[in-house]
Amino acid sequence: SQLPPGLSAVLIGGGPVVDWVDQLSANVPMLEALRAFAKAGGFALSEGSGLMYLARSLQQPGQCRHDMVGLFPFHIQSLAVNSSTVKGPSYVEVTVVQQQPHPLLPPGSQLRGVTTCHCQVIEERVVSGLAAALTPAVDDVQANGTDDSMLLQSGTAIDTSLYGGRPVTYSYSCVPAAKRDLAAVQEGYTCGTALASCVQVQYGSCPEIVQHMVQRCLRVDVASV
């Protein structure tokens, strides 16, 4: 499985990701193709359940984790259908943030969308504490002839090397359409050229954003991605 040539952007929509998690995780060539595509400057966007696919890993209740594309350093925990935290479709008002949103999104744009993604986004980091101070430097371990992988891993943080260690930021500010008086929620996870959101955007609510996206995609050097 590979991406077709000549692409400047990939949009992954919603769908029953959890029903196909074994097959998606096992399709390593596609995972690697998407990683290479984004690293080379191609735009990778996901909406709704597509958010799960671009995350670092996905886990269903009572099951083991499955590796996903890994364009974001967070883990996804899907929720059981009968969970009290699972709600029906919710319509939201989306505003693109003014400060450095995803390159395909014009700042300040306003859209509508719906969210039906039944999952939790979990950020994980290693808190090394004293272990980091007591762990020999890599050069010292090699000089002493010590082959102890646990020593080398004890101070390891989440791998964000795909984007030079860039942090995850937010491109959306969202409020429920039926309760606009509630505090806005930051969403639209952004890291490099990748964008992932639980919101399935209704692009017809803002035709100008589609024109902006097309024009921005035309500037991508497709020969390099």
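Structure shown above.
Definitions and cut-offs
Numbering of residues starts from 1 in every chain and runs along the sequence as written. Given that this is a predicted model, residues contribute local features only at a pLDDT of at least 70 and side-chain atom pairs are listed and counted only at 80 or more, while totals for whole chains, interfaces and linings are drawn from all residues. Note that the side-chain values use all heavy atoms of the structure and ignore hydrogens as well as water. Cavities and pockets were defined on a 1 Å grid built from protein atoms only: a cavity is a group of points that admits a 1.4 Å probe but offers it no way out, a pocket is an open group of points flanked by protein on both sides within 12 Å along at least five of seven lines, and a lining residue is one with an atom within 4 Å of any such point. Grid points are joined across faces, edges and corners, and a volume is the space filled by probe spheres set on the points. Helix and strand definitions follow DSSP, with helices as H or I runs of at least four residues and strands as E runs of at least two, each counted in order from the N terminus. By definition, two strands form a pair when at least two bridges between them are found by DSSP.

Undergrad: Help me understand empty space enclosed by the protein, please; the structure alone is not making it clear to me.
TA: To find leftover empty space, one rolls a probe the size of a water molecule over the atoms. Taken as a whole, this structure holds 2 cavities of 30 Å³ or more when the rule is applied. Quantified by volume, the second largest cavity comes out at close to 40 Å³. Lining the second largest cavity we find Leu45, Ser46, Glu47, Tyr172, Leu195, Ser197, Val199, Val201 and Tyr203. Sorting the residues of the lining of the second largest cavity by element identifies strand S2 (43-47), strand S11 (194-197) and strand S12 (199-202) as the ones contributing at least two each. Ranked by residue count, the leading element in the lining of the second largest cavity is S2, at 3 residues.

Undergrad: When you look at the pairing of strand S7 (residues 110-115) in this model, what are you seeing that I'm missing?
TA: Side-chain positions along a regular strand alternate between the two faces of the sheet. Pairing of strand S6 (residues 90-96) with S7 involves 6 bridges; the strand directions are antiparallel. By the bridge assignment for S7, Thr95 is matched with Gln110. Relative to S12, S7 runs antiparallel, the two being bridged by 4 bridges. Residue pairing across strands places Thr115 opposite Val199, the latter belonging to S12.

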